[in-house]
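The primary structure of each chain is shown beneath.
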Amino acid sequence: MREALVILPSSSITLPPNSSPTPPHHHRSATAKPKPKFKPKQKPTQSPLLSTLRWDSASQNVHGLKYYAELASKLAQDGRFNDSLMIAESVVVSGVNAAEFAALLNAKIVSDGIVRLLEEGKLRSVVELLTGAQKLGIEPLKLLDGAAIDSLSRECRRTMECGEIEEAVSLMETLKGCGMPIKELVKPSEIIRLCISQRKPNTAVSSIMTLCRYAHIFPHVDIMFCTVILEFGKKGDLASALTVFEASKQNQDTPNLYIYRTIIDVCGLCGDYMKSRSIYEGLIASKFTPNIYVFNSLMNVNACDLSYTLDIYKQMQKLGVPADLTSYNILLKSCCLATRVDLAKEIYGELKHLELAGTLKLDVFTYSTLIKVFADAKMWQMALKIKRDMLSAGVTPNIVTWSSLISACANAGLVDQAIQLFKEMLQAGCEPNSQCYNILLHACVEACQYDRAFRLFRSWKEHALQKDNCGDLGSKTDNTIDLSPTLMVSGSIPDCTSASPHGHFSTRISFRPTTSIYNTLMKACGSDYYRAKALMEEMKKVGLSPNHISWSILIDICGGSGNVEGALQILRSMREAGIQPDVVTYTTIIKVCVETKDFKSAFSLFAAMKRYQIKPNMVTYNTLLRARSRYGSLQEVQQCLAIYQDMRKAGYKPNDYYLKQLIEQWCEGVIQNGNQRKGYFSSRNRSGLEPESMILEKVAEHLQKDNANSVSINLRGLSKVEARIVVLAVLRMIREKYTAGDSIKDDVQIFLGVQEVGIRAVRQESVIKGAVIKLLQHDLGLDVISATSRIGNDKNQDGVNNLEKCSNMEEHAERGILRANMHSPTRRPAVLQKLRIPKESLQSWLTRRLDASIEQ
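Residues numbered from 1 in each chain as written. Predicted model: local features only at pLDDT ≥ 70, side-chain atom pairs only at ≥ 80, totals over all residues. Heavy atoms only, no water.

Looking at an unreviewed UniProt entry, one finds the protein chain named Pentatricopeptide repeat-containing protein At5g02830, chloroplastic isoform X1, with Nicotiana tabacum as its source organism.

> Can you walk me through the overall build of the protein chain in this structure?
When helices and strands are counted, the protein chain shows 39 helices and 5 strands. Of the contacts made within the protein chain by residues no fewer than 6 positions apart, 72% connect residues no fewer than 24 positions apart. (Helix = DSSP H or I, 4+ residues; strand = E, 2+ residues; numbered from the N terminus. Contact = heavy atoms within 4.5 Å.)

> I tried to follow the packing of aromatic side chains on my own but got confused; where do I start?
Ring pairs (aromatic) are described by centroid distance and by the angle formed between their planes. Taken as a whole and assessed by the stated rule, the structure comprises 11 aromatic pairs. Relative to Trp-460, the ring of Phe-422 has its centre 5.8 Å away and its plane inclined at 45°; by these criteria the two rings are tilted. With Phe-422 in helix 22 (residues 415-427) and Trp-460 in helix 24 (residues 450-469), the pair connects residues that are 38 residues apart, well separated along the chain. The class of Phe-422 is buried, set by a relative accessible area of 0%. Residue Trp-460 is classed as buried on the basis of its relative accessible area, which comes to 0%. Site record: aromatic cluster; members linked through ring pairs are Phe-422, Tyr-437 and Trp-460. (Phe/Tyr/Trp six-rings, centres within 6.5 Å; stacked < 30°, edge-to-face > 60°. Buried < 20%, exposed > 50% of the residue type's maximum accessible area, 1.4 Å probe, protein only.)

> How do you make sense of the pattern of salt bridges when you look at a structure like this?
Close approach of charged atoms allows side chains of opposite charge to pair. Tallied over the entire structure, the rule returns 23 salt bridges. Measuring nitrogen to oxygen at the nearest pair gives 3.3 Å for the salt bridge that ties Asp-389 to Lys-385. Taken as a pair, Asp-389 and Lys-385 lie in helix 20 (residues 380-392) at a separation of 4 residues, close to a single helical turn. Overall, Lys-385 belongs to the partly exposed group, its relative accessible area being 36%. Through salt bridges that share partners, Lys-352, Glu-355 and Lys-361 make up one connected network. (Salt bridge = Lys/Arg side-chain N within 4 Å of Asp/Glu carboxyl O.)

> For this particular structure, what's the right way to read the environment of Leu-65?
Mapped onto the elements of the fold, Leu-65 is located in helix 1 (residues 62-77). For the pair Leu-65 and Val-96, spaced 31 residues apart in sequence, the C-alpha separation works out to 9.0 Å.

Listed below in structure tokens is the structure:
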């Protein structure tokens, strides 16, 4: 029998004695002369797999097999995995059992080689060794010891931490195929964490799809999908959550309702309730009936829309899915958000009927939600009735229940009743939270019982200190604070002994003040700035940080005494403290400036808001628009009109009645001197303005033109009163600019509208034309020239009086009016109705007005 021929590259490994079947040319004696290199007849690239030689097990002793196993192990130790695999392959192909050969390998030195290559970053070579061994029938785990497995696990984690999730998961799949314990190498939670941490869209999608492949390595794939979807939802990344959701549907024949419920909940977390509706509609379109959990999640996410929630409830009944207590609780929550007390009463009646029938048992959440419905509606008596029903049913109120009850009485201004409920809560053994304390303090502030608020606050702190010093607790807990005398509010705080019986409690309670509590106390300071300032300093001493509300209250108190400069200094101090003012802070200080008639600072602060990209709210806009009781200059009008337009662009619907009245009075100032005819518009012409009139937009459009020397007034589509206001607004703008030094260079063109030749003029246009001429000629003493421009067949014809050729700007205005009116298919020539005020007449009028003002 011929022996197998094993060809190895040059190596420092010593070979065994002559009993080895290795060919003689591999041996050299110490005294022998070098011989020419032997070149085998076979091709150097020939693999042992192509050899037809077989291992003669009968003629081969165990010593030779051990030698090859030792040789393969040492080659692996040197990192020469390909050579090691070649020896193993030759032996196995020659007929030796793979398990027998693997048992002879030295796992310790093979693992040493694997560890060394992993430290060098040659992970791919290690994977090739394990894969090749598996192909030969050698179990890869036989080649690894504990150190090699730990090193392999570290390398897998390092690959993932570098963001190479695709490569890491591919490696996991390969190792899984080799029979490796994947869960010992990398935990699924680590893959999930890394996928979620990559927020870039393209990388996130790639990582998610990789995770989908990786998920098949582990059981409970659906749970992993839900975990990833929920974690993305907690991060606010709805797009990535939806990508995972779509990927999960591709691997399932039927919808997984657990995953559907999770993605609907995530839509709620991300604030996109409309998307939850489309997901539900897709589920219904697949002819699959949702279960009660999907319906409850959908109703809970859409609780802000009562009508939709009720529709889903009806669909649930129509599909035969019985509602549970959670369903009714969500309906009550939706009623609370919609302030539908009547419907909440109806649902409560149905629930009581079901409870009597033994179908449902109302829980604390049901009663607490009902109490909150009545508390928000200031129906404190109904809230107390629900409390009695709750106790009769054997349901113990929790902290939410007591807070809602106290809030119900506090909202109704019943401070004594609210404090009595607080005492009942303590006697029932329910420990109050900071919200309960703050509700009581807020009730005192709203009732202007400021001293009582401070007495309650001091009483709570003293009892907290007594509890802390009492020996029955042993040591301080997280619910108590060390209240040294320096923590007491400085100033004239009433002594606790002078408090009313309702302001002092014999029950020992824990009390930890919060920023909200201190903010409420600052409101109780009224106009006492120094007391409020002392409270803010006390906040810092007990480890609390003043927030935006704290600073806003301090600004309001300081500005309330007329100290605008002090309020602005507080704003600067707020920035220095590292807190950027928000819209509430800016609105507060703008209100202070407006109340002290410092309009320049108010509008400057509004401009600062826009620079810092802080969006004004409805209160901000209204504060500025109602700043003045009258307008004295063009700049003031332009400022308010600009704010009005900005308000409309921001999506707010302003109540512009007051602003219209001020603009009308300002426009009428062109005619009146002083207050001779004040109220002309309000008493005589107000009926001409519609509630939805766009007169302010029209006035703003004309007053915001840069060049007042070449003016055109477009009255198309306006009523008689609106046309009057626009004309007067433009004339007043011209007058103020003339007073400032601007000269009049062109005529004033007034465009009335367009009519077709041969058709009788519309009566409305005639009324407007007559009203404008009367205003200009009789009230203001201006010369007015009536004209028409016929536009048709490229020819222009003038009417009663010839007009000079219009400027480019006027031509554009004419064309705009014509384009808006020429919709008739008859192709008749159009006639532009317009008036002209000659510049000479305008100059004379302005001179007379200026002289009259000087004489006055």
